[in-house]
Structure formats: structure tokens, C-alpha cells
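Observations on the three-dimensional arrangement
What follows is each chain in one-letter form.
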Amino acid sequence: AQTVTQSQPEMSVQEAETVTLSCTYDTSESDYYLFWYKQPPSRQMILVIRQEAYKQQNATENRFSVNFQKAAKSFSLKISDSQLGDAAMYFCAYRKSGGYQKVTFGTGTKLQVIP
Amino acid sequence: DVKVTQSSRYLVKRTGEKVFLECVQDMDHENMFWYRQDPGLGLRLIYFSYDVKMKEKGDIPEGYSVSREKKERFSLILESASTNQTSMYLCASRTEASPAKNIQYFGAGTRLSVL
């Protein structure tokens, strides 16, 4: 079974600084997808960024980027120029390729942004 | 924008009560999911459905059942609520159609307390 591990339950970052959230996963599949979801306090969870395993290039969405290391099964999220609105729970997630596959989530990292 | 609506933000029920959690999505998505979210445990999949009247057990289906009579609506049922079912419940939907097929859209969540 696939597992997703987030070893940092909480992290903090100074406003305007950069922070990296860690995620590792375990799978025997070669084709899959990885995601970072953000859950702000009392608000809906939204997708931040996604990565297809077959793509070597790391995904980027504005201030958010990932470091995808397929051989190491590592998928970290880097947030640059951190803003107060980045404060949230961040969940790493995995999905096997193919139709009708479920998503496996990690336990989450709570990010605090210090003004 | 995709909208996933959960009928209640907060619910308080008594042990032994039958509880219905409702979820409606407005984007004609094939797949719908129910998760529970607990501190330190992340999101755990209870049930999912990939079509009307279809359902699949997730990782923690015990004590729950689901119903999907219409494509837009997915209900989670606690036949006899117990205190260990006190949790945050999240509904999500997803389409199999590209390019959005890897994005899960979440509702705002229902915080259920069983006394």
C-alpha cells in the first residue's frame, strides 16, 4: 500500500522568507501523481501544485515550487517570499495513475507565518 | 468554479443517533469522496463513489455507509453514532476528464461532535 509521510508536524517562517516543507512517499508504481494541498484555517482545502511522475521538470506555480526526487521518493514544497496568507495546513498527497484511483494523504504540516 | 457544498458546518449528535452528512457538487463530477480529518492522522478515506449507485470502501469504512442516488449528491451515514466518530468530515469530488482529472475539489467540512 502507498504511504505518504510528512515528518514536520509544524513549521514557522518569517514573512518574506522562504520555507521548505518535506514529504516522502512509498510506492512500487512508476507512473503516478503527487500533490500539495493547502487548508487555511476554517476554509476549504485547495490544490496548490501537482507533479506528474513521468515529468522530470519540477512543477512551479508562482511562489510555490516543488523539488521532486523520484529515485529518493521525495517531494518537497518550497514557498518563496512567504505571505501571511500562506499560513495553513499543508498536505502532501499521492495518486496512482489510471482511472478511478483514490488519493493517499500525509498527516499534514501546519505552517505559521510570523509578521 | 467548482462548488462542493456540505449541508452543515457543525453538528452535535447523541450517541446512538443516526446521522446523515450530505454533500452536493455542481460540476457533474463522476467521483465523490468522504474523508475524516483528525489531528496527527491527516485525511483518511472512508468511502468513495465513481458513479451513481456505485461505492467503494476506503481505508476506514467501519461504522459508516454511503448513498449515491444522484450524480451530484453523496451522503455519508453513521448508522449509530459513537463518540469515536467525533471528527471533521470532508467531502470531495473529482472528474475523470482531462485536464482537470487530477484535481480534487473539497467542501468546507462538517465538524461533528458525538456526545
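Scroll up to find the structure this text is about.
Residues numbered from 1 in each chain as written. Chains lettered and ligands numbered in written order. Predicted model: local features only at pLDDT ≥ 70, side-chain atom pairs only at ≥ 80, totals over all residues. Heavy atoms only, no water.

1. What to know about the sheet that holds strand E3 (residues 19-25) of chain B
Residues and elements named next belong to chain B. Within the open sheet, the 4 strands sit side by side as E1-E3-E8-E7. Their pairing is antiparallel. Every interior strand has two partners, whereas the edge strands, strand E1 (4-6) and strand E7 (65-70), have only one. Going across the sheet, the axis of each strand differs from the next one's by a mean of 20°, ignoring polarity. Judged from the 3 bridges that link them, E1 and E3 form a sheet pairing that is antiparallel. Opposite Val4, over in E3, you have Gln25 as the bridge partner. (Pairing = 2+ DSSP bridges. Helix = DSSP H or I, 4+ residues; strand = E, 2+ residues; numbered from the N terminus. Axes fitted to C-alpha atoms, helices over the stretch in contact; angles between N-to-C directions.)

2. Some details on the state of the cysteines
Residue and element names in this part refer to chain B. Within the structure shown, the criterion is met by 2 disulfides over all chains. Each sulfur in the disulfide pair Cys23 and Cys91 lies 1.9 Å from the other. Judged by the sign of its S-S torsion, about -80°, the bond between Cys23 and Cys91 is left-handed. Here Cys23 is found in strand E3, whereas its partner Cys91 is found in strand E9 (residues 87-94), with 68 residues between them in sequence. For the pair Cys23 and Cys91, a shared accessibility class is recorded, and that class is buried. (Disulfide = S-S within 2.5 Å. Buried < 20%, exposed > 50% of the residue type's maximum accessible area, 1.4 Å probe, protein only.)

3. Section: the interface of chain A and chain B
Counting residues at the interface gives 19 residues for chain A, matched by 24 residues for chain B. For the pair chain A and chain B, the two sides together bury roughly 1,900 Å², of which 51% comes from carbon and sulfur. The partner of Asp59 of chain B in a salt bridge is Lys102 of chain A, with the nearest N and O atoms 2.6 Å apart. Contributions of two or more residues to the side of chain A that touches chain B are made by strand E5 (32-39), strand E6 (46-52), strand E10 (88-96) and strand E11 (103-105) of chain A. Counting residues per element, the side of chain A that touches chain B draws most heavily on E5 of chain A, at 4 residues. Here the residues of the side of chain A that touches chain B are counted per class, giving 9 nonpolar, 7 polar and 3 charged. (Contact = heavy atoms within 4.5 Å. Buried area = accessible area lost by both parts, 1.4 Å probe. Salt bridge = Lys/Arg side-chain N within 4 Å of Asp/Glu carboxyl O. Nonpolar A, V, L, I, M, F, W, Y, C, P; charged D, E, K, R; others polar.)

4. Description of the layout of surface pockets
Taken as a whole, the largest pocket spans an internal volume of roughly 690 Å³. Along the wall of the largest pocket there are 31 residues; nearest its centre are Gln39, Pro41 and Met89 of chain A together with Gln37 and Arg111 of chain B. Listed by contribution, the elements that provide at least two residues to the lining of the largest pocket are strand E2 (10-14), E10 and strand E12 (109-114) of chain A together with strand E4 (31-38) and E9 of chain B. In terms of residues, the lining of the largest pocket owes the most to one element, E12 of chain A, which gives 4 residues. (1 Å grid on protein atoms, 1.4 Å probe; cavity = no way out; pocket = protein on both sides within 12 Å on 5 of 7 lines; lining within 4 Å. Points joined across faces, edges and corners; volume = space filled by probe spheres on them.)

5. Looking at the pairing of E9 of chain B
Residues and elements named next belong to chain B. Among the 8 residues that make up E9, 8 are buried, leaving the element largely enclosed by the rest of the structure. Across 7 bridges, E4 lies against E9 in antiparallel orientation. When the sheet's bridge partners are listed, Asn31 is paired in E9 with Arg94. For E9 and strand E11 (residues 110-114), the ladder comprises 3 bridges, and the chain directions are antiparallel. Residue pairing for E11: Met88 is matched across the bridge by Arg111.

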